[in-house]
Amino acid sequence: DPGTAVGLPTILAYFIIMGFERLFYWQKSWLHSQGDLKVDIGHLLVSGLFTTSVLRVPVTLGSIAVAAWLAGVVGESLWPNQWSLWAQLALALVYGEFFMYWIHRLGHEVDFLWRFHAMHHSAPRLYFLNAVRFHPVDIALSTFAPMIPLLVVGADARVIALFGLVSAVHGLFQHANLVLRLGPLNWIFSMAELHRWHHSRLLDESNTNFGQNLIVWDTVFGTRFLPKDREPPSDIGIANLPAFPMDYVGQLLSPLRWRAIHEDSAALERATAEPSAG
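These figures come from a predicted structure and were not determined experimentally.

(A) Region of the structure containing the overall build of the protein chain. The number of helices and strands found in the protein chain is eleven helices and zero strands. Of the regular secondary structure in the protein chain, the N- to C-terminal order runs α-α-α-α-α-α-α-α-α-α-α. The burial tally for the protein chain puts 46% of its 278 residues in the buried class. A fraction of 72% describes how many contacts in the protein chain between residues 6 or more apart in sequence connect residues 24 or more apart. For the protein chain, the accessible surface area stands at approximately 13800 Å², while carbon and sulfur atoms represent 69% of it.

This is the structure in structure tokens:
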């Protein structure tokens, strides 16, 4: 069953990576909660489980209906179902990643989308639970951005399930507080070495490495970033938004309070700068 095939390994991966972080950590200070653990558990329950579960059925049914219509127009499924399952998964990762890349990139470049995605970058540290620190709107977009195109071209439930499994487990490794050295594989996977730069407070560094699973489209569009002369920053967060709420309800409502958050942040920065100027 596709649900079981995805669910059980994902749950197991949470516990394995949580254990690995205690033994092979990258930043010792990131091992301890910085007021974020309860918030991330809330995101796990609401965004990671509830939101995608509620939307999955209507989105799937709608996409399958479009796929059936498209197959009728073309005369056959556009997806190479005759390929081996592993080959289909590899194609699905590259094809689906294209849509994930652009949803993620636009989440940084379009202000309306950034107000939903900013929550993810509010994390004061990186560890496995950051993989689910998303606003429900943001996680719905990133989940279904690859899923809908895959369903529309005729990929079956097995391919969708494996794609979901890779995305879930890779997301945990991508945010994990682990010493990970991928070497040449950093040209394929968008894992922790690359993604830590994406959480930098400096925009020139954070507006890079948008890949969720693969880094291939960052390479194609020139947004891959992995400097050789320094380590990724350990001081991470959102630049110029010191008033961004750090409690769960405040983060959930943050897109509706976007202007107020900017005004409060500007006031905080002025108050901080005034004593220095004096």
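(B) Inspection of the environment of G7 at higher detail. Along the chain, G7 turns up in helix α1 (residues 2-23). Expressed as a C-alpha distance, the spacing of G7 and G164, which sit 157 residues apart in the sequence, is 9.5 Å.

(C) Representation of the side chain of S47 within the structure. Tracing the sequence through the fold places S47 in helix α2 (residues 37-74). From its side chain, S47 meets the backbone oxygen of F134 in a polar contact 2.6 Å long.

(D) The nonpolar core, seen in detail. Membership of the largest hydrophobic core comes to 16 residues, with the highest contact counts inside it found for W79, A92, L150, A155, I160 and F163. Only α3 (85-109), α5 (136-152) and α6 (157-175) provide two or more residues apiece to this core. Top element by residues in this core is α5. It accounts for five residues. When near neighbours in sequence (up to four residues on either side) are disregarded, F163 contacts L89, A92, L93, G96, M100, P146, L150 and N213.

(E) Main features of the side chain of R133. The residue R133 is located in the loop between α4 (111-121) and α5 in this model. Accessibility expressed as a relative area gives 0% for R133, which makes it buried. At 2.7 Å, the side chain of R133 forms a polar contact with the side chain of D40. If we skip the residues at most four places from it in the chain, R133 touches D36, V39, D40, H43, M119, H120, S122, A123, P124, M246 and Q251.

(F) Spotlight on a nonpolar patch on the surface. Together, L12, I16, F20, L23 and F24 make up an exposed nonpolar region whose accessible area comes to about 490 Å². Turning to its location among the elements, F24 is positioned in the loop between α1 and α2. Relative accessible area serves as the criterion here: at 46%, F24 is assigned to the partly exposed category.

(G) The packing of aromatic side chains, seen in detail. Counted under the stated rule, the structure contains 16 aromatic pairs. One aromatic cluster is present, formed by W79, Y95, F98, F99, Y101, W102, F210, W217 and F221 through successive ring pairs.

(H) Representation of α3 in the model. Between its first and last C-alpha, α3 extends 36 Å over 25 residues, near the 36 Å set by a 1.5 Å rise per residue. The largest bend along α3 measures about 30° and falls at E97. Listed in full, the buried residues belonging to α3 are Q88, L89, A92, L93, G96, E97, M100, Y101, H104, R105, G107 and H108. Those residues of α3 hidden inside the fold are in contact with α4, α5, α6, α7 (192-198), α8 (203-206) and α9 (216-221).

(I) Summary view of the pattern of salt bridges. A complete count under the given rule lists eleven salt bridges for this structure. Two residues, R181 and E231, come together in a salt bridge whose shortest N-O distance is 4.0 Å. Here the residue R181 occupies a position in the loop between α6 and α7, and E231 occupies one in the loop between α9 and α10 (248-253), the gap between them amounting to 50 residues. D235 is the salt-bridge partner of R201, the closest N and O atoms lying 3.3 Å from each other. With R201 in the loop between α7 and α8 and D235 in the loop between α9 and α10, this pair connects stretches of sequence that are 34 residues apart. Residue class for D235 comes out exposed when judged on its relative accessible area of 52%. Several salt bridges share partner residues, and in doing so they unite R181, E193 and E231 into one network.

(J) The arrangement of the confidence of the model for the protein chain in detail. Averaged over all residues, the pLDDT of the protein chain is 89; the fraction at 70 or higher stands at 89%. Confidence scores differ between elements of the protein chain, with α2 showing the lowest mean pLDDT of 73 and α9 the highest of 98.

Procedures and definitions
Residues numbered from 1 in each chain as written. Predicted model: local features only at pLDDT ≥ 70, side-chain atom pairs only at ≥ 80, totals over all residues. Heavy atoms only, no water. Helix = DSSP H or I, 4+ residues; strand = E, 2+ residues; numbered from the N terminus. Buried < 20%, exposed > 50% of the residue type's maximum accessible area, 1.4 Å probe, protein only. Contact = heavy atoms within 4.5 Å. Areas by Shrake-Rupley, 256 points an atom, 1.4 Å probe, with all protein chains shown as cover. Polar contact = N/O pair within 3.5 Å; in protein donor to acceptor, adjacent residues only side chain to side chain. Core = buried A, V, L, I, M, F, W, Y, C linked by side-chain atoms within 4.5 Å. Patch = residues over 30% accessible without salt bridge, like charges linked within 9 Å, V, L, I, M, F, W, Y side chains within 5 Å. Salt bridge = Lys/Arg side-chain N within 4 Å of Asp/Glu carboxyl O. Phe/Tyr/Trp six-rings, centres within 6.5 Å; stacked < 30°, edge-to-face > 60°. Expected span 1.5 Å × (residues − 1). Bend = angle between axes of the 7 residues up to and from the residue. pLDDT = per-residue confidence, 0-100.

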